[in-house]
Amino acid sequence: MSAFPQRLIDGYRAFTTQRLPIEQSRYRALSERGQSPETMVVGCCDSRVSPEVIFDARPGELFVVRNIANLVPVYQPDASAHGISAALEFGVEVLKVKHIVILGHAQCSGISAIINKAAPLSSGDFIGRWMAMVIKPGEVIEQREGETRKEFATRIEKTAVFRSIENLMTFPFVQRSVESGHLRLHGAYFGIAEGSLYALDRESKEFRRVEGNSLV
Ligand SMILES: [Zn+2]
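Below or above, wherever it landed, is the structure these notes cover. (Residues numbered from 1 in each chain as written. Predicted model: local features only at pLDDT ≥ 70, side-chain atom pairs only at ≥ 80, totals over all residues. Heavy atoms only, no water.)

1. Here we look at the overall build of the protein
A tally of helices and strands in the protein yields 7 helices and 7 strands. For 216 residues, the compact-globule formula gives about 17 Å, and the C-alpha radius of gyration of the protein, at 19 Å, lands near that figure. Seen through its principal axes, the protein has C-alpha atoms that stretch 55 × 45 × 45 Å. Residue burial in the protein is summarised as follows: out of 216 residues, 38% are buried. Counted over contacts in the protein with a minimum sequence separation of 6, partners at least 24 positions apart contribute 63%. A total of about 12,900 Å² of accessible surface is found on the protein, and carbon and sulfur atoms cover 53% of it. Across the protein, 26 positive and 25 negative side-chain charges occur, with their mean positions spaced 3 Å apart. (Helix = DSSP H or I, 4+ residues; strand = E, 2+ residues; numbered from the N terminus. Rg over C-alpha atoms; globule rule 2.2 N^0.38 Å. Buried < 20%, exposed > 50% of the residue type's maximum accessible area, 1.4 Å probe, protein only. Contact = heavy atoms within 4.5 Å. Areas by Shrake-Rupley, 256 points an atom, 1.4 Å probe, with all protein chains shown as cover. Lys, Arg positive; Asp, Glu negative; His and termini not counted. Charge placed at Lys NZ, Arg CZ, Asp CG, Glu CD.)

2. Describing the coordination of the zinc ion
With distances of 2.0 to 2.3 Å, the protein atoms coordinating the zinc ion are C44 (SG), H105 (NE2) and C108 (SG). In primary-sequence terms, the residues that donate to the zinc ion follow C-x60-H-x2-C. Here C108 lies in the loop between β3 (99–105) and α4 (109–116) and C44 lies in strand β1 (residues 39–44), a separation of 64 residues in the sequence. Judged by relative accessible area, C108 falls into the buried class, the value being 2%. (Donors = N, O, S within 2.8 Å, 3.2 Å for Na, K, Ca; no water.)

3. Examining the layout of surface pockets
Space inside the largest pocket adds up to approximately 470 Å³. The wall of the largest pocket is formed by 18 residues, among which F55, V101, H186, A188 and A199 lie closest to the centre. Sorting the residues of the lining of the largest pocket by element identifies β1, β4 (184–191) and β5 (196–201) as the ones contributing at least two each. Looking at the lining of the largest pocket, the element that brings in the most residues is β4, giving 5 residues. A class-by-class count of the residues in the lining of the largest pocket yields 12 nonpolar, 3 polar and 3 charged. (1 Å grid on protein atoms, 1.4 Å probe; cavity = no way out; pocket = protein on both sides within 12 Å on 5 of 7 lines; lining within 4 Å. Points joined across faces, edges and corners; volume = space filled by probe spheres on them. Nonpolar A, V, L, I, M, F, W, Y, C, P; charged D, E, K, R; others polar.)

4. Notes on the sheet that holds strand β2 (residues 62–67)
Spatial ordering of the open sheet is given by β2-β1-β3-β4-β5-β6-β7, a layout of 7 strands whose pairing is mixed. The open sheet has two edge strands, β2 and β7 (214–215), and neither has a second partner. Note: β1 against β3, 5 bridges, orientation parallel. Residue pairing in the sheet places V41 in a bridge with V101 of β3. (Pairing = 2+ DSSP bridges.)

Written out as structure tokens, the structure reads:
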């Protein structure tokens with residue numbers, strides 16, 4: 001058997017000496033009564049965009065599912081196994097979360113693959129098929145006149161957040177919970193270099209920067 005990564009052993013040691021003593025009673029309580037997070041986050045697998053780190057979350061606070069480019073597929077009640085849909089069903093139907101946050105981010109490799117039509121994107125591989133859901137049937141993703149490459153990428157990264165929110169509403173249990181007022185859907189966008197966070201204003205369809213304890 002190959003050696004367990006030393007970095008993880010060192011990290012676990014740091015956890016047991018620093019964070020665990022602070023959180024021990026919380027872990028015990030969560031173990032006894034189970035989890036009841038109020039917020040579900042759909043984020044990207046990107047190692048720089050950890051929801052627990054960005055939102056300074058404690059154990060039991062966030063129910064997180066991560067995939068390439070923080071995408072929610074449309075509701076497909078077929079015979080296939082759907083990991084994201086199963087997580088959504090558990091979050092909404094069992095845990096009864098009050099919020100679902102789609103967390104997009106800058107410099108997303110999945111989005112970069114689709115706008116550059118470059119490796120690892122191809123119609124035959126997993127990433128190609130997965131990322132295709134960003135584009136609506138008949139829609140073409142193209143750089144606009146006067147738009148820089150970076151602005152183009154940012155626009156499509158934000159489009160992916162909109163698309164996921166739209167697709168969330170195709171799930172009957174999500175729609176039911178939203179309409180009954182129990183569940184609210186949110187979009188957010190994380191700027192890696194500055195650690196900046198933008199929250200989607202659903203009315204203006206614009207992302208507004210979160211500063212201090214409010215939006216600006
Ligand atoms: Zn990403």
